[in-house]
Number of protein chains: 2
Amino acid sequence: MKDVAARAGVGLKTVSRVVNGEPGVTPDTERRVQEAITALGFRRNDSARILRKGRTASIGLVLEDLADPFYAPLSRAVEEVARAHGALLINGSSAEDGERERELVLALCARRVDGLVVVPAGGDHRYLEPEIAAGVATVFVDRPAAGIEADTVLSDNFGGARAGVAHLIARGHRRIGFIGDLPRIHTAAERLRGYRAAMAGAGLPVDESWVALGPTGPDRVRADTERMLADRGPGPVTALFTANNRVTVTVVRVLAGRQRRVALVGFDDFELADLLTPPVTVVAQEPALLGRKAAELLFRRLEGSGDAPQRLELPTRLVPRGSGEVPPQP
Amino acid sequence: MKDVAARAGVGLKTVSRVVNGEPGVTPDTERRVQEAITALGFRRNDSARILRKGRTASIGLVLEDLADPFYAPLSRAVEEVARAHGALLINGSSAEDGERERELVLALCARRVDGLVVVPAGGDHRYLEPEIAAGVATVFVDRPAAGIEADTVLSDNFGGARAGVAHLIARGHRRIGFIGDLPRIHTAAERLRGYRAAMAGAGLPVDESWVALGPTGPDRVRADTERMLADRGPGPVTALFTANNRVTVTVVRVLAGRQRRVALVGFDDFELADLLTPPVTVVAQEPALLGRKAAELLFRRLEGSGDAPQRLELPTRLVPRGSGEVPPQP
């Protein structure tokens, strides 16, 4: 408490008032005290004590989108591991906004979670350094952290995308479109790199009108797909590689209304993909395994492991179902 | 603090130690003090103070299944309303277990959420009385609470199911199966009641072999569907009413592998339903509106509304797409 008082530039009595929720502290002073508490990792000692004493432990999971079904099995797997360790899981969503991610992570830390699994949205995670130093175990999943070293569990986004595009090339496609997520997102950039590597590996040029990156909302994806299917420049694409499940679902909808058959391989499996006409060929990740591995690494840290941070990369799997085996049509 | 000390049967100094996270308290004593704090709503004053002072407010959302896509738009709507009020949303899942719901709700209260939106799993919510009395605004959504009065937002499960089954009857079906969730779940019971009302309203008998209730996992649903489609007893069903989206998706999969066409109406819309063969006729709820209304009621309470608890019931909408218009086939 002395350290907090010194850092916040207030007396011990004021710190005590803030900690105990007593009146007589201005909002500005309270904020300074809370910031000092957070910066010094004060609450963490309390949390470690609670964990030791056996009061309900909890871990936090910060996703980027509550409504993306990709995260459903990932969340459930984290929850199962947490439950097996007698801990509750608390979730929140960053909505792909780095500032909200930070706000949510710090709010969970202030609410004394014992550890965090984070799908990072932001481009700088040094804000987590004081929390990690103070003992909040943190594991990143699906995407790596930026600016700090931490346990990380990823899929082989580059290799998976390269294999999916190579599958289309092997069936004779030469003009292949890529519709992906915002390029600042690690997984989107890696999958685009896989697309370019497959094209370059087959000696095929990439016309930049075949590459469309942006938010995964249906309006943007629909517009880019329709533009790419129209006959212009070097000729319309005969195949599409869609770089995540949200994009694929919209593209399936666009293709369903057209005469000309266009081959499609999507990154991520999704529910009912095998019952569509044609069934959708995908590069499947294992979201449940991503979640389980991340949670297991987290609990190893919580149990005191002092190993160097690990980085796991899980393989993906090409699932041919029909849409990716459509031959090129003019 | 005097009240807490008296209730826990300890001295003031011990309460202070627990509250301040100081050493020298046995786990048993700590637990008693924490229980007294919870019972007396001690933390709530602190929380209200925080909310007034403008530190980041937060609300909790307790779902029954993180992986059910029905809850995705509901969660996102609650989150949007929370954000519009400058509050963070923290989620958790009860996994359809009343004890876990209670544990999670109390853990969120102990972590000083300002309010709660709950999809109840348990059959008795009187455990929430001290929290509500102490000022944690609570709204129930999708299902009502049991044993307490609180704001509640539901869909018209009875009317929606009755309309869906009546739609099948109007197309000539007489032997209609009902595949639903566990009957202790309010929505499942209401939808079954709607099915029975539609059948009775048309003067049709219900053979009990046509009604199958249980967990919504694919194995159970598949087995019940196959049993119901087999020719036995009063003849096989010519139509199925599936009582939620998890059930519908499995039944679609079973029907896709069969020659004989069986009509299908599902409760809940789901992604890609319109692109299946045949497209699936559904009774659609508005999960985003359920979430938005619940969150709006919550913030009205947080802003001091002292009105009597409200109960909203949102209408459902029949969406004919093809599967529900298949005529009876022997």
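The rules behind each value
Counting starts from 1 at the beginning of each chain's written sequence and moves along it residue by residue. Chain labels run from A onward and ligand labels from 1 onward, assigned in the order the entries are written. Per-residue local features of the predicted model are confined to residues with pLDDT of at least 70, and side-chain atom pairs are confined, for both listing and counting, to 80 or more; whole-chain, interface and lining totals are unaffected and use all residues. As a rule here, side-chain values cover all heavy atoms of the structure and leave hydrogens and water aside. The domain limits used here are those given by an automatic or database domain assignment. As used here, the term nonpolar core means buried Ala, Val, Leu, Ile, Met, Phe, Trp, Tyr and Cys residues forming a set that is joined through side-chain atoms within 4.5 Å. The buried label applies to any residue whose accessible area, calculated with a 1.4 Å probe on protein chains only, is under 20% of its type's maximum; exposed applies above 50%, and partly exposed to all values in between. Whether two residues touch is decided by their heavy atoms; if any such pair falls within 4.5 Å, the residues are in contact. Numbering of helices and strands starts at the N terminus; helices are DSSP runs of H or I of at least 4 residues and strands are runs of E of at least 2. Stacked, tilted and edge-to-face are the three classes applied to pairs of Phe, Tyr and Trp rings, where Trp contributes its six-membered ring and a pair requires centres within 6.5 Å; stacked means planes under 30 degrees apart, edge-to-face means over 60, and tilted covers the rest. In this analysis the charged atom, NZ for Lys or CZ for Arg, is taken to sit over a ring once it is within 6 Å of the ring centre and within 35 degrees of the ring normal. Per-residue confidence from the predictor is reported as pLDDT, which spans 0 to 100. Helices are assigned an expected span. That span is 1.5 Å times one less than the residue count. Interaxial angle, 0 to 180 degrees, is taken between N-to-C directions of lines fitted to C-alpha atoms, where a helix line uses only the stretch in contact. Roughly parallel means an angle under 35 degrees; roughly antiparallel means over 145; roughly perpendicular covers 65 to 115; every other angle is labelled oblique. Each crossing gets its handedness from the near helix: less than a right angle anticlockwise from the far helix is left-handed, clockwise is right-handed. Polarity classes work like this: nonpolar for Ala, Val, Leu, Ile, Met, Phe, Trp, Tyr, Cys and Pro, charged for Asp, Glu, Lys and Arg, and polar for all others, with Gly in that last group. By definition here, a salt bridge exists when the distance from a side-chain nitrogen of Lys or Arg to a carboxyl oxygen of Asp or Glu is within 4 Å.

Chemist: Whenever I open this one, the domain arrangement of chain A confuses me. Can you help?
Modeler: Where the parts come together, the accessible area they lose is often given as the size of the interface. Per the domain assignment, the segments making up chain A are domain 1 (2–44), domain 2 (54–155 + 287–314) and domain 3 (157–285 + 318–325). If you average the C-alpha positions of domain 1 of chain A and of domain 3 of chain A, the two centres end up 53 Å apart.

Chemist: Would you mind going over the nonpolar core with me for this structure?
Modeler: Within soluble globular proteins, side chains that are nonpolar generally end up buried alongside one another. Tyr 195 and Leu 240 of chain A together with Tyr 195 and Leu 240 of chain B are the most contacted members of the largest nonpolar core, which has 89 residues in total. The contacts of Tyr 195 of chain B, once residues within four sequence positions are left out, are Ala 161, Val 165, Ile 176, Gly 177, Phe 178, Val 206, Trp 210 and Val 211 of chain B. Core analysis: the next-biggest nonpolar cluster, separate from the first, contains 36 residues, Leu 88 of chain A together with Ala 107, Leu 108 and Phe 140 of chain B among them.

Chemist: Before we go on, may I ask you to explain the side chain of Glu 79 of chain B in this structure?
Modeler: By the secondary structure assignment, Glu 79 of chain B is in helix α5 (residues 71–84). Sequence-distant contacts of Glu 79 of chain B, that is, excluding residues within four places in its chain, are made with Leu 66, Ser 93 and Arg 100 of chain A together with Leu 89 of chain B.

Chemist: Where do I start with the packing of aromatic side chains in this structure?
Modeler: Both the distance between ring centres and the angle between the ring planes are used here to describe each pair of aromatic rings. All chains considered together, the criterion is met by six aromatic pairs over all chains. When the ring of Phe 70 of chain A is compared with that of Tyr 71 of chain A, the centres are 5.1 Å apart and the planes differ by 75 degrees; the resulting orientation is edge-to-face. For Phe 70 of chain A, a relative accessible area of 9% corresponds to the buried category. Relative accessible area serves as the criterion here: at 3%, Tyr 71 of chain A is assigned to the buried category. In this structure an aromatic cluster arises from ring pairing among Phe 178, Tyr 195 and Phe 241 of chain A. Directly above the ring of Phe 267 of chain A sits Arg 191 of chain A, whose terminal nitrogen or CZ lies 3.9 Å from the centroid. Its guanidinium or amino end placed over the ring of Phe 158 of chain B, Arg 193 of chain B lies 4.1 Å from that ring's centre, counting from NZ or CZ.

Chemist: Just checking my understanding: could you explain the confidence of the model for chain A for this structure?
Modeler: All names here are of chain A. Overall, the prediction assigns chain A a mean pLDDT of 89, with 93% of residues at 70 or greater. Here residues 43–54 scores under 50 on pLDDT; set against residues more than four positions off or in separate chains, the count is 29 contacts. With pTM at 0.82, the complex prediction returns an ipTM value of 0.80.

Chemist: How should helix α9 (residues 186–201) of chain B be read in this particular structure?
Modeler: Along an α-helix, residues three or four positions apart point the same way, because every turn accommodates 3.6 residues. All names here are of chain B. Over its 16 residues, α9 runs 22 Å from end to end, which matches the ideal 22 Å to within 8%, given 1.5 Å per residue. For α9, the set of buried residues is Thr 187, Ala 188, Glu 190, Arg 191, Leu 192, Gly 194, Tyr 195, Ala 198 and Met 199. Where α9 is buried, its residues touch α8 (157–170), β6 (176–180), β7 (211–213) and β9 (263–267). Where α9 ends, the next residue or the one after it, Gly 203, has phi of about 70 degrees, a positive value.

Chemist: Help me understand the environment of Asp 151 of chain B in this model?
Modeler: All names here are of chain B. Inspection of the secondary structure assignment puts Asp 151 in strand β5 (residues 151–155). You can call Asp 151 buried: its relative accessible area is 2%. It is 7.2 Å that separates the C-alpha atoms of Asp 151 and Thr 138, two residues lying 13 residues apart in sequence. With residues up to four places along the chain from it excluded, the contact list for Asp 151 reads Thr 138, Val 139, Phe 140, Leu 297, Arg 301, Ala 308, Pro 309 and Gln 310.

Chemist: Help me understand the packing of helix α8 (residues 157–170) of chain A against helix α9 (residues 186–201) of chain A in this model?
Modeler: Any two packed helices are characterised by how steeply their axes cross, that is the angle between the axes, and by the distance between the axes. Residue and element names in this part refer to chain A. α9 packs onto α8 with a crossing angle of 40 degrees between their chain directions and a minimal axis gap of 7 Å. As summarised for this structure, α8 and α9 are arranged oblique, according to the angle between their axes. The handedness of the crossing between α8 and α9 is right-handed. Residues Asn 157, Phe 158, Ala 161, Arg 162, Val 165, Ala 166 and Ile 169 of α8 pack against Thr 187, Glu 190, Arg 191, Arg 193, Gly 194, Tyr 195, Ala 197, Ala 198 and Met 199 of α9. Of the residues contributing to the contact of α8 with α9, the split by class is nine nonpolar, three polar and four charged.

Chemist: Would you explain the pattern of salt bridges in this entry?
Modeler: Side chains that carry opposite charge are capable of pairing whenever their charged atoms lie near each other. Tallied over the full model, the rule gives 39 salt bridges over all chains. A salt bridge links Arg 76 of chain B to Asp 65 of chain A, with the shortest nitrogen-to-oxygen separation between them at 3.0 Å. Here the residue Arg 76 of chain B occupies a position in helix α5, and Asp 65 of chain A occupies one in the loop between β1 (57–63) and α5 (71–84), the pair thus bridging two chains. The exposure class assigned to Arg 76 of chain B is partly exposed, which follows from its relative accessible area of 36%. Assessed through its relative accessible area of 15%, Asp 65 of chain A is described here as buried. Arg 143 of chain B is the partner of Glu 64 of chain B in a salt bridge, and the nearest nitrogen-oxygen pair spans 3.7 Å. Taken together, the positions of Glu 64 of chain B in the loop between β1 (57–63) and α5 and Arg 143 of chain B in the loop between β4 (137–141) and β5 put the pair 79 residues apart, joining distant regions of the chain. Under the relative-accessibility criterion, Glu 64 of chain B is labelled buried at 10%. When salt bridges that share partners are traced, they join Glu 64, Glu 96, Asp 142 and Arg 143 of chain A into one network.

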